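Chains, contacts and geometry: an overview
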Number of protein chains: 4
Amino acid sequence: MYIQLDFESEIPIYTQLKQQIIAGIAKEELRPNDALPSVRSMAKDIGINLHTVNKAYQQLKQEGYILIHRQKGVVIHPDGVEPADDAYRSTLKSTLRPLIAESICKNISKEEFAGYVNTLFAEFKKEGNDK
Amino acid sequence: MYIQLDFESEIPIYTQLKQQIIAGIAKEELRPNDALPSVRSMAKDIGINLHTVNKAYQQLKQEGYILIHRQKGVVIHPDGVEPADDAYRSTLKSTLRPLIAESICKNISKEEFAGYVNTLFAEFKKEGNDK
Amino acid sequence: MYIQLDFESEIPIYTQLKQQIIAGIAKEELRPNDALPSVRSMAKDIGINLHTVNKAYQQLKQEGYILIHRQKGVVIHPDGVEPADDAYRSTLKSTLRPLIAESICKNISKEEFAGYVNTLFAEFKKEGNDK
Amino acid sequence: MYIQLDFESEIPIYTQLKQQIIAGIAKEELRPNDALPSVRSMAKDIGINLHTVNKAYQQLKQEGYILIHRQKGVVIHPDGVEPADDAYRSTLKSTLRPLIAESICKNISKEEFAGYVNTLFAEFKKEGNDK
DNA sequence: GTGGTCTAGACCACA
DNA sequence: GTGGTCTAGACCACG
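Presented here is an overview of the structure given in this document. On a predicted model such as this, the values are computed, not experimentally measured, just so you know. (Residues numbered from 1 in each chain as written. Chains lettered and ligands numbered in written order. Predicted model: local features only at pLDDT ≥ 70, side-chain atom pairs only at ≥ 80, totals over all residues. Heavy atoms only, no water.)

Considering the overall build of chain A
Where we set the bar: Counting from the N terminus, the helices are the DSSP runs of H or I reaching at least four residues and the strands are the DSSP runs of E reaching at least two. Whether a residue is buried, partly exposed or exposed follows from its accessible area with a 1.4 Å probe, protein chains only, as a fraction of its type maximum: under 20%, in between, or over 50%, in that order. Note on contacts: a residue pair qualifies if any of its non-hydrogen atoms lie within 4.5 Å across the two residues. Values of accessible area rely on a 1.4 Å probe in the Shrake-Rupley scheme; residue burial ignores everything except the protein chains shown. His residues and chain termini do not enter the charge count, which takes Lys and Arg as positive and Asp and Glu as negative. Charge coordinates come from a single atom per side chain, which is NZ of Lys, CZ of Arg, CG of Asp or CD of Glu.
When you go through chain A residue by residue, the secondary structure sums to five helices and three strands. The dimensions of chain A, computed from C-alpha atoms along their principal axes, are 50 × 35 × 30 Å. Counting over 131 residues, chain A shows a buried share of 40%. Sequence-distant contacts, at least 24 apart, represent 51% of the contacts inside chain A between residues at least 6 apart. When the accessible surface of chain A is split by element, carbon and sulfur atoms take 48% of a total near 7,200 Å². Across chain A, the mean location of the 17 positive side-chain charges is 5 Å away from that of the 18 negative side-chain charges.

Notes on a negative patch on the surface
The condition that has to hold: Each patch is built from salt-bridge-free residues with over 30% relative accessible area, joining like charges within 9 Å and nonpolar side chains (Val, Leu, Ile, Met, Phe, Trp, Tyr) within 5 Å. One speaks of a salt bridge when a side-chain nitrogen belonging to Lys or Arg is within 4 Å of a carboxyl oxygen belonging to Asp or Glu.
Together, Asp-79, Glu-82, Asp-85 and Asp-86 of chain A together with Asp-6 and Glu-8 of chain D make up a negatively charged patch on the protein surface. Judged by its relative accessible area of 67%, Asp-79 of chain A is exposed.

Re the packing of helix H5 (residues 110-125) of chain A against helix H5 (residues 110-125) of chain B
The line we're drawing: Only the stretch in contact is used when a helix axis is fitted, and all axes are lines through C-alpha atoms; the angle between N-to-C directions ranges over 0 to 180 degrees. Relative orientations are named as follows: roughly parallel for angles under 35 degrees, roughly antiparallel for angles over 145 degrees, roughly perpendicular for angles from 65 to 115 degrees, and oblique for any other angle. In this scheme, a crossing is called left-handed if the near helix is turned counterclockwise away from the far one by less than a right angle; it is called right-handed if the turn is clockwise. In this classification, the charged set is Asp, Glu, Lys and Arg, the nonpolar set is Ala, Val, Leu, Ile, Met, Phe, Trp, Tyr, Cys and Pro, and all remaining amino acids, among them Gly, are polar.
Where H5 of chain A contacts H5 of chain B, the axes come no closer than 10 Å and their chain directions differ by 160°. Considered as vectors, H5 of chain A and H5 of chain B are oriented roughly antiparallel to each other. For the element pair H5 of chain A and H5 of chain B, the recorded crossing hand is right-handed. Contacts between H5 of chain A and H5 of chain B involve Lys-110, Phe-113, Val-117, Asn-118 and Phe-121 of chain A from the former and Lys-110, Phe-113, Val-117, Asn-118 and Phe-121 of chain B from the latter. Grouping the amino acids of the contact of H5 of chain A with H5 of chain B by side-chain chemistry returns six nonpolar, two polar and two charged.

A few points about the interface of chain C and chain B
The criterion, for reference: Two parts placed together each lose some accessible area under a 1.4 Å probe, and the buried area is that loss summed for both. We call two N or O atoms a polar contact when they sit within 3.5 Å, provided that within protein one can donate a hydrogen and the other can accept it, with sequence-adjacent residues counted only if both atoms are side-chain atoms.
Taken together, the contacts link five residues of chain C with nine residues of chain B. Buried area between chain C and chain B, summed over both chains or domains, comes out near 560 Å², and the portion from carbon and sulfur atoms is 49%. Considering only the side of chain C, the residues that lose the most area to chain B are His-69, Arg-70 and Gln-71 of chain C, jointly responsible for 79% of the buried surface there. Across the chain C-chain B interface, the total number found is zero salt bridges. At the boundary of chain C and chain B, one finds four residue pairs in polar contact (both at pLDDT 80 or more). Residues that form the side of chain C that touches chain B fall into these classes: two nonpolar, two polar and one charged.

Structural notes on the packing of helix H1 (residues 13-26) of chain B against helix H3 (residues 50-62) of chain B
Residues and elements named next belong to chain B. Where H1 meets H3, the closest approach of the two axes is 8 Å, and the angle between their N-to-C directions is 50°. Considered as vectors, H1 and H3 are oriented oblique to each other. For the pair H1 and H3, the crossing hand works out as right-handed. For the pair H1 and H3, the contacting residues are Ile-13, Tyr-14, Leu-17, Lys-18, Ile-21 and Ile-22 in the first and Thr-52, Val-53, Lys-55, Ala-56, Tyr-57, Gln-59 and Leu-60 in the second. By residue class, the composition of the contact of H1 with H3 is nine nonpolar, two polar and two charged.

Thoughts on the pairing of strand S3 (residues 73-76) of chain B
All names here are of chain B. Formally: A pair of strands is labelled paired if DSSP reports no fewer than 2 bridges between them.
Looking at chain direction, strand S1 (residues 35-36) and S3 are connected through two bridges and run antiparallel. Across the sheet, Ala-35 pairs through a bridge with Val-75, a residue of S3. Here strand S2 (residues 66-69) pairs with S3 via four bridges, running antiparallel. Paired with Ile-68 across the strands is Val-74, a residue of S3. Where S2 folds back onto S3 in an antiparallel hairpin, the turn is made up of three residues.

A closer look at the protein's contact with DNA strand F
Worth spelling out the cut-off: Any residue with a heavy atom lying within 4 Å of a molecule or strand is counted as near it.
In the region of DNA strand F, 22 residues are neighbours, and Ile-13, Tyr-14, His-51 and Thr-52 of chain A together with Arg-40 of chain C sit closest. When atoms of DNA strand F within 4 Å of the protein are sorted by moiety, sugar and phosphate together comprise 71%. Take Thr-52 of chain A: an N or O atom from its side chain is 2.6 Å from a phosphate oxygen of DNA strand F. Interatomic distance of 3.1 Å between a side-chain N/O atom of Ser-38 of chain C and a phosphate oxygen of DNA strand F. Listed by contribution, the elements that provide at least two residues to the surface near DNA strand F are helix H1 (13-26) and helix H3 (50-62) of chain A, helix H2 (39-46) and helix H3 (50-62) of chain C together with helix H1 (13-26) and helix H3 (50-62) of chain D. Grouping the amino acids of the surface near DNA strand F by side-chain chemistry returns nine nonpolar, nine polar and four charged.

Quick word on the protein's contact with DNA strand E
Neighbouring DNA strand E are 21 residues, the closest being Arg-40 of chain A together with Ile-13, Tyr-14, His-51 and Thr-52 of chain C. Within 4 Å of the protein, the contacting atoms of DNA strand E are 71% sugar and phosphate, with bases supplying the remainder. At 2.9 Å, a side-chain N or O of Gln-58 of chain A approaches a phosphate oxygen of DNA strand E. In the model, a phosphate oxygen of DNA strand E is placed 2.8 Å from a nitrogen or oxygen of the Ile-13 of chain B main chain.

So, the interface of chain B and chain A
Between chain B and chain A, the contact holds 41 residues from the first and 40 residues from the second. Roughly 4,200 Å² is buried in total at the junction of chain B and chain A, and carbon and sulfur atoms are behind 75% of that figure. By the criterion of area lost to chain A, the three top residues of chain B are Cys-105, Lys-106 and Phe-121 of chain B, representing 16% of everything that side buries. At the boundary of chain B with chain A, the tally comes to four salt bridges. Among the salt bridges present, the one from Arg-89 of chain B reaches Glu-112 of chain A, with a minimum N-O distance of 2.4 Å. If you look at where chain B meets chain A, you find ten residue pairs in polar contact (both at pLDDT 80 or more). At the level of secondary structure, the elements contributing two or more residues to the side of chain B that touches chain A comprise H1, helix H4 (86-105) and H5 of chain B. Looking at which element gives the most residues to the side of chain B that touches chain A, the answer is H4 of chain B, with 15 residues. Looking at the side of chain B that touches chain A residue by residue, the classes come out as 24 nonpolar, six polar and eleven charged.

What to know about helix H2 (residues 39-46) of chain A
All names here are of chain A. How we decide: Taken from the helix axis, the directions to the C-beta atoms give the arc we talk about.
For H2, every residue scored as buried is listed here: Met-42, Ala-43 and Ile-46. Projected down its long axis, H2 shows its buried positions confined to an angular sector of 100°, all on one face. Residues of H2 that are exposed and angled more than 90 degrees away from the buried face: Arg-40, Lys-44 and Asp-45. Phi for Gly-47, located one or two positions after H2, is positive at around 70°.

Quick notes on the relation of the copies chain B and chain A
The condition that has to hold: For this overlay, a least-squares fit was computed on C-alpha atoms, restricted to residues scoring pLDDT of at least 70 in both copies.
Once turned by 180° and shifted 0.1 Å along the axis, chain B lies on chain A with an RMSD of 0.4 Å. When the rotation and shift are considered jointly, the pair of chain copies conforms to a two-fold rotation axis. The C-alpha atom lying nearest the rotation axis in chain B is that of Ala-114 of chain B; the distance is 3.2 Å. The fraction of interface residues of chain B whose copies in chain A are also interface residues reaches 98%, indicating that both copies meet through the same surface.

Worth remembering: the numbers are spatial, not functional.
In structure tokens:
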């Protein structure tokens, strides 16, 4: 699992880390019960503070992506992630709305936008059939 | 133009204000050359700090949504918004990517996701039935 | 609102702080929309680090006790706390179980135990009718 | 005596083990002079570290639940457990207090809470119908 | 070795 | 002024 961080980005590092791990799960590069590096080694690997890694891990745990196991350390949640509920769907739409408003203003058609969605879904799914 | 702010949201108020104005433009409730309230009156209307409105306006100006005239006040950009360039398309995809990764993990299908995109595009288009 | 911490206790400081605030809400000393001190001033008041206060506040926010408002600062959740769901009831029973097992071993009768529950409920309710 | 551990719990394993043994005593599944597996075999049986079992046993001994003989091995205390003293009653109330505060906030009535206490007492008593 | 807690000091974004 | 982020170093509980 390679982690790519952009330290110049306005997106907090711990959020970037979270997103990369979630992306890894979506791509099935990370599967249920797979181990994740300890906070210390992950922090050392990517050259950030251990508290920053810990914050990412805590949020992932809280959102049901990972489990912090007393013996096995940190692992991808064995039961998979909870399917989306209505609350999530509603926040998803709220997040999407301003993106779409902006796109409309900038003359991006519904078809073009849908194309990107397609491409991105494919990006996650294509790698998920081996390893 | 009604502005709806959520002061408990984690999204900064100036960003919410920006998004609402952009949404207004997308819906064509706000059309080229339409006047926007002055920084001062907008701040007073919605009960927020002057600086907050100013920050939103400055960014909208910078992104080509509005013009700020010393005399005529603030108006929606008469020439419309610049169409998206490659840089914008690329940041759009970068924004969409983690959203889609999360959705995949939470068992939201491409079709469901595309459905939301459709609905949201329709939401903006239905009220602006001509031009 | 007086905060009493025991720095010798094995219970983490941020947990003690959380419990005291929850107790304040239970006693209705703290009511919906009441303001809580900022992390900095609370930290200074009780002589602990601001990050420790922050951790308590974050958890209280996450559990729906408080709201972190962009303008008003930190306030008790205006809608009150979410009523218990099944998950909470089940963890409550799991917490109670070992307490009761221990009590049985130590010859504390059901009646005595129930007496303490009664006393404690009264302790919270008695102060809640004025102020 | 079956031991059920949750390695994903935030409750330390040695504490869980202690609680299960205490629960066994409360249910009278474990009676005075009953033998407990040695540290070594208990550790092997439930697949945990030797030190963890040892820590649980030491605390149980210290609290008067068991005796550890060099030769006879580990047995449930022949004289039964010391009845609660004032110190214990006071810590019991301190433990109960935040639980009750939380319950009040979450709209759990005194009656409902007392119901759980009743149920749990019954849970322990029903299986130990004599002595 | 692990994660959890606490402290401390710094910078930044927000209002 | 506020809270949010990040870093750093320390100690402890756990297994």
